[in-house]
Amino acid sequence: MLPEIKILFYLFFIILVSAVSSLKIYAIIFFVLCLSILFLKVPFRAVKSGWLPIGVFLLFTFVSNVLNQHGKIVFSTGSLFITEEGLNIAAIRTLRVLYMIAGAKILMATSKTEEIIHGLWRLLGPFEKLGLPVKDYFHTMGLTLKCFPILKNLLYENYRERMTSGDINGIWNRAKAVSMFLLPMFVDSIQNPEKFFIEPEPGEKTN
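Residues numbered from 1 in each chain as written. Predicted model: local features only at pLDDT ≥ 70, side-chain atom pairs only at ≥ 80, totals over all residues. Heavy atoms only, no water.

Counting its regular elements, the protein chain contains eight helices and two strands. Taking all 207 residues of the protein chain together, 22% fall into the buried category. For the protein chain, restricting intrachain contacts to residue pairs at least 6 apart in sequence, the fraction spanning at least 24 positions comes to 58%. Split by element, the accessible area of the protein chain, about 14,900 Å² in all, is 68% carbon and sulfur. (Helix = DSSP H or I, 4+ residues; strand = E, 2+ residues; numbered from the N terminus. Buried < 20%, exposed > 50% of the residue type's maximum accessible area, 1.4 Å probe, protein only. Contact = heavy atoms within 4.5 Å. Areas by Shrake-Rupley, 256 points an atom, 1.4 Å probe, with all protein chains shown as cover.)

This is the structure in structure tokens:
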């Protein structure tokens, strides 16, 4: 399936989830999402990654929406109370966020990042005629995403060399050692980004 079709499906899914306000329909959507994960053979690692911070965010979403809503009170303590309507609103809004995140995870797990970027580029390409720099924007985005893994590897190699070559102990000393090469590298990546895309010769060490 073309990435443009996947993106349009996801946009339709977001509109559907945002418009629905019935827990029964949300239960059906949950079943459909589970079938989609099995049918598309989404790796379990891609599904479970990042769920700790997502879980904290969902918990905050639920708690912030369940408290002190008008309706039939089912629990109260001091100035706080929970109503049936509050539980329903909190469940709907939490599931809405959960399904949007799950849909995005399925989209990213079944498509490469470059494919998503090119798909968005082709979808938004007609706006070039209105004077919007769509091509330049997505070209810059693609270069940025391509540069991240290279920078990560360089940072890891430099950090390992610094830690093994010198007797650096303590969190403060380690932070100082990292800052001594971290800031110059980021400045260099801004001033001369082309050097990070040059493939080194066999046996040549990356600076």
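Now, onward.
A separate point is the packing of aromatic side chains. Inspection of the entire model under this criterion finds one aromatic pair. With centroids separated by 5.6 Å and ring planes inclined at 45°, the aromatic side chains of Y26 and Y99 adopt a geometry described as tilted. With Y26 in helix α2 (residues 23-39) and Y99 in helix α5 (residues 84-109), this residue pair connects regions lying 73 residues apart in the sequence. By the burial criterion, Y26 is buried, and Y99 matches it. (Phe/Tyr/Trp six-rings, centres within 6.5 Å; stacked < 30°, edge-to-face > 60°.)

Before going further, it helps to spend a moment on the side chain of K105. Positionally, K105 belongs in helix α5. It turns out K105 is buried and unbridged, and the closest side chain with the opposite charge, E114, is 17 Å from it. Not counting residues within four places of it along the chain, the set of residues in contact with K105 comprises A46, V47, S49, W51 and I54. (Lys, Arg positive; Asp, Glu negative; His and termini not counted. Salt bridge = Lys/Arg side-chain N within 4 Å of Asp/Glu carboxyl O.)

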